[in-house]
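Each chain, letter by letter, is given below.
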Amino acid sequence: MTAVGESVRRKEAENKVSGAAKYNDDFTVPGMLYATLRTSTKAHATLRFVDKRKALQMPGVRAVLLGEDAKVLCGEVLADRPPLAKGRVRYSGEPIALVVADSEAQAMAAAAAIDIAYDPLPVVNSPLEAAKPGAPVIHPELGSYTKEQSPIYPQAGTNICDSAHIRKGDMARGWQEAEVVVEGDFTLPQIDHAAMETRSARVEILPDGRVQVFSSTQAPFEVQKLLSKYFAVPQGQVVVSTPLVGGAFGGKTSVNLEVLAYMASKAVGGRLVRLANTREQDIATSPVGVGMQARMKLGATRDGRLAAAEMAYWLDTGAYTDSTPRVARAIAANCTGPYRVPNVHCDVNVVYTNHVFTTAYRGFGHINLTFTVERIMEKLAHALGVDPLELRKRNVLEPGDTTPTTVRLTRSNLGDTAKCLERTAELIGWTPGSHAERIGPHTVRAHGIAAFWKTSSSPPDAISGALITMNKDGTMNLATGTVEFGAGTKTTAAQILAERMGMDVDQIHIHSDVNTKVDPEHWKTVASMSTYMSGRAVLEAAEDVIRQLKSVAATVLRCPPADLEVGGGRVYLRDDPQQYVAFKDIAHGYKYQEGDSIGGQVMGRGSFIMRHLTLLDQKTGQGRPGPAWTVGATAVEVDLDTRDFTYRIRRAATVMDAGKVINPRTARGVVMGGMNMGLGYGSRESMLYSDQGEVLNGQLRLYKLMRYGEQPEYLVDFVETPQVDSPYGARPIGEHGNLAAPAALANALSVAAGVPIDELPATPEHIWRATKGVHR
Amino acid sequence: MIRFDFEYHRPETVRQAADVFRELSAAGKSPLYYGGGTEIVTSARLGQSEPGAVVDLKDIPELGVLEMDDGELTIGAARTLADLSEADPWPFLSAAAGRVADHTARCRITLGGNIAGQIQYREAALPLMLAHAHAVLAGPKGQREVPFQEIFDGTLQIGEDEFIAQLKVPRDELDLPFFSRKRTRLDWVDYPLVTVCAVRGEDGLQVAISGYCNAPFHSRALDRALAEDGPAADRVRRALRHVPSPVVSDVHGSAGYRELVLTTTLVDMLQELGR
């Protein structure tokens, strides 16, 4: 009986494809009230007045809340964000007022009737501009904000709200050794998560003080803790429920609609209030993914050994910080990509702009650093006249090397990058030298390749748990705190349990929702860490169950527990499996023939906390950001029309070191989905702003996502170098398909067009401008 | 969701439609004729329009016809674009209309609605601009049949209380050699940077273009320049001087890039259709 390594169907699959699956906003309750937001049309302005008198008179209106009604400042790292703008708006789309009414239409009508007068302030439209001395300061109060979570280093009086640094080796020596030096500037726009399910929350405050929260979130336990903190409610009184989530991609880690829904419920005597984003609000009011401007200089010896790297990043965090300071540290910690660079100097600045604020986006900064590193590696290969694939293979980090934060690498915590590069090159049909091939009168074909690595960048005290209860029939119920948003985390946990118990996966029943009152905490369903963290907890809970089963069975079978083994729904004698007791006869206690019984319901518990992780030193960056790295490579094949630079992405291949593939079909799907997102970002997606900072493409007819049918042929393969401390050796793979896809695409297009593509998205017009030497 | 209430009328005859529209206008309800509703619904949802009433034309039999007789093809204006592509009575129209929006939307968007809409591209009108097509208009004063070119110069020029009931195209124009190509920023489904429709018939080569300016256009001078002697690239360059209004620059593409794309598309067109 094996479960790990099998393409088990996802537990929720049938309910999803039949339409029976329910998401957060699918639940309505009679008597529920509706809240809606009035948002700013200006990117930077003081609010001369906000007049709610007319709105309050409108039919069905129960309450209208403004900035002054909320005392709290929100932010998981730095408390810099008022739930409703107070005196000043800092991005177009920022919530100004919250209306609660009997119906959604009444709430919307009243929201439109609020009278708002703005006094415009100068708009800061890019992070580099924002970081310049003399730039308009977006948060004059920066010096007085509460630091909620170390580390965070705001520079009062500027727009730089945080910075992270790496100082490794000896830069002077590095540059001395470097015989060839290349430089580049790189720009990535902000990006929308564009999950199918828009964000929503409902809150009810019961007479006994309990706060019931229903939210489409990746972080129900974070919602619980933050609401408890913001509104001084005992943590146990806040109960957060999360059903299936319809895509998240990091965008549902940020806690904000829950805060507003709580305020709305409080304002109407605790009644149940629902607040759900329209698609337009989901794009321009809720947080997006971080943008960046970056500069990198890379030096190597003439034989292509990397000697020194210096880079500076300016992250476009938008109007508020949310989790972007942690993204900055993730970028710093992995700033060299999976390459050996003995001397490293890296500064990552987190900069306020008048753009939509940002939070985690699938990849957590690694798309950014991978783009920078992999574009400059391409420039270096060009300067050295060596095959870009060969240059990469020559410089990959190996066991015994150290990372930029000086973690010593082992085969277990790193995996095999060179093998991934080779297999990727094989899949795409790489020809050494990387030249464009003419395949038609106006068409050239080219390949691009890029390697990636990523670790968790999680808090050192992140926890996860698992609870198992047995049913009378010998099957098991498994509860974990991970949210199911499409990555199959719950099914993976069931496979791990089934494998350990020697049972069929169908005999493991999962709790598909999360409820903070009954489910054990899982830090947040982020960072591709569910298999590792939750899997470790499940294995510990399984041991607990096995111990209990053996204990009862030992009495029944009159032998020491040590002689027993479990499998196939039985506890049996290791030396004579014909002597056994079935799970169903001991799951709820064993009953002797006379009726007297022993045991009781078997219940297992497992608990896991990260080990050996440390915060990064603020000056040097030294520290351990995660338990291990996942490495891999992505390659892309494009056909480019040399007249107007339209192109087709024909094929894309990713090979990553998965340690052990737990569910092959799900794994392939996750990697393909990742590539698709990455290629969407590389080719067409971006938040677009006017000179005045207004979002220009805040609806799906203008914000372009790759449609089904436009995707290339996807090729996926895995290398399996076990991560010894992870369940069955499995490494995280959830985010990684998208990390190098934009870089691989830009590399391919640079070869095809014969000009460097260092800015995304690489639309045909952008390539055309690059060929003319015109910058946007 | 649409936050305001509005009246919904679904008349069954042309007469009733015109009558109810007139009554609603008189009552100050700012009514709109309603076909597939894709534009009205989306703009109302975003608060960009607020009609007090809509008059849905889909149940009127004349607007649902699709028939061919000896002389001409008659298309009811309430036929959807998806429907027309599937029935394919006029391949040129199928090609142009088949690239409007996406399939789900084309199952709603009507031919009349696409021509009368506020969204500036109106790509389904391009083949009609180049044919000797007629439109049957209906309104309070009854019905009238007019050459399509007289009522459409990129935008629809009819009375506010009138609507297109039918479009008629001479049968012998249905199988002329044509070219229809939509070019976007990158995606298959998107608004056009340019959509070029061209046909070669008894009037020679004729070209209608959408996306390039703020409304579709057909310029005889541009047609003539394309038909002159000389290398294709030169003819196209000269032809572009006859573009009637400023070139659009927006989030989809700049005027400069649009010019490049139109140039290559016209060169391709000349190669495919000949002069």
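To keep things clear, this report deals only with the structure shown in the data block. (Residues numbered from 1 in each chain as written. Chains lettered and ligands numbered in written order. Predicted model: local features only at pLDDT ≥ 70, side-chain atom pairs only at ≥ 80, totals over all residues. Heavy atoms only, no water.)

## Quick notes on the overall build of chain A
From N to C terminus, chain A includes 19 helices and 32 strands. What you see for chain A is a C-alpha radius of gyration of 27 Å, in line with the 28 Å of a compact globule of 776 residues. Counting only C-alpha atoms, chain A reaches 90 × 75 × 50 Å along its principal axes. Residues counted as buried form 65% of the 776 residues belonging to chain A. A sequence separation of at least 24 residues applies to 78% of the contacts in chain A between residues at least 6 apart. Of the roughly 27200 Å² of accessible surface on chain A, a fraction of 50% belongs to carbon and sulfur atoms. Here chain A carries 84 positive and 84 negative side-chain charges, and the mean point of each set is 2 Å from the other. (Helix = DSSP H or I, 4+ residues; strand = E, 2+ residues; numbered from the N terminus. Rg over C-alpha atoms; globule rule 2.2 N^0.38 Å. Buried < 20%, exposed > 50% of the residue type's maximum accessible area, 1.4 Å probe, protein only. Contact = heavy atoms within 4.5 Å. Areas by Shrake-Rupley, 256 points an atom, 1.4 Å probe, with all protein chains shown as cover. Lys, Arg positive; Asp, Glu negative; His and termini not counted. Charge placed at Lys NZ, Arg CZ, Asp CG, Glu CD.)

## Digging into the sheet that holds strand β20 (residues 463–470) of chain A
Residues and elements named next belong to chain A. Strands sit in the order β22-β21-β20-β29 across an open sheet of 4 strands; the sheet is mixed. Each edge of the open sheet carries a strand with a single partner, namely β22 (508–510) and β29 (603–609). Neighbouring strand axes in the sheet, compared pairwise and without regard to direction, differ in orientation by 20° on average. Pairing geometry for β20 and strand β21 (residues 476–480), over 5 bridges, is antiparallel. Across the sheet, the residue bridging to Thr469 is Asn477, located in β21. (Pairing = 2+ DSSP bridges. Axes fitted to C-alpha atoms, helices over the stretch in contact; angles between N-to-C directions.)

## Concerning helix α3 (residues 104–112) of chain A
Residues and elements named next belong to chain A. All of the buried residues in α3 are Glu104, Ala107, Met108, Ala110 and Ala111. Looking straight down α3, one finds its buried side chains confined to an arc of 165°; they lie on one side. Of the surrounding elements, those touching the buried residues of α3 are β1 (33–39), α2 (53–56), β3 (61–66), β5 (95–101) and β12 (273–276). (Arc of directions from axis to C-beta.)

## A short note on the packing of helix α17 (residues 664–683) of chain A against helix α18 (residues 741–753) of chain A
In a pair of packed helices, the angle between the axes and the distance between the axes together describe the arrangement. Residues and elements named next belong to chain A. Running from N to C, α17 and α18 point in directions that differ by 50°, and their axes come no closer than 7 Å. Considering the angle they form, α17 stands oblique to α18. As for the relative orientation of α17 and α18, their crossing is right-handed in sense. Here Met675, Gly678, Leu679, Tyr681, Gly682 and Ser683 of α17 come into contact with α18, specifically with Ala741, Pro742 and Leu745. Residues that form the contact of α17 with α18 fall into these classes: 6 nonpolar, 3 polar and no charged. (Parallel < 35°, antiparallel > 145°, perpendicular 65-115°, else oblique. Left-handed = near helix turned anticlockwise from the far one by under 90°. Nonpolar A, V, L, I, M, F, W, Y, C, P; charged D, E, K, R; others polar.)

Remember, this is a structural readout, not a statement about activity or role.
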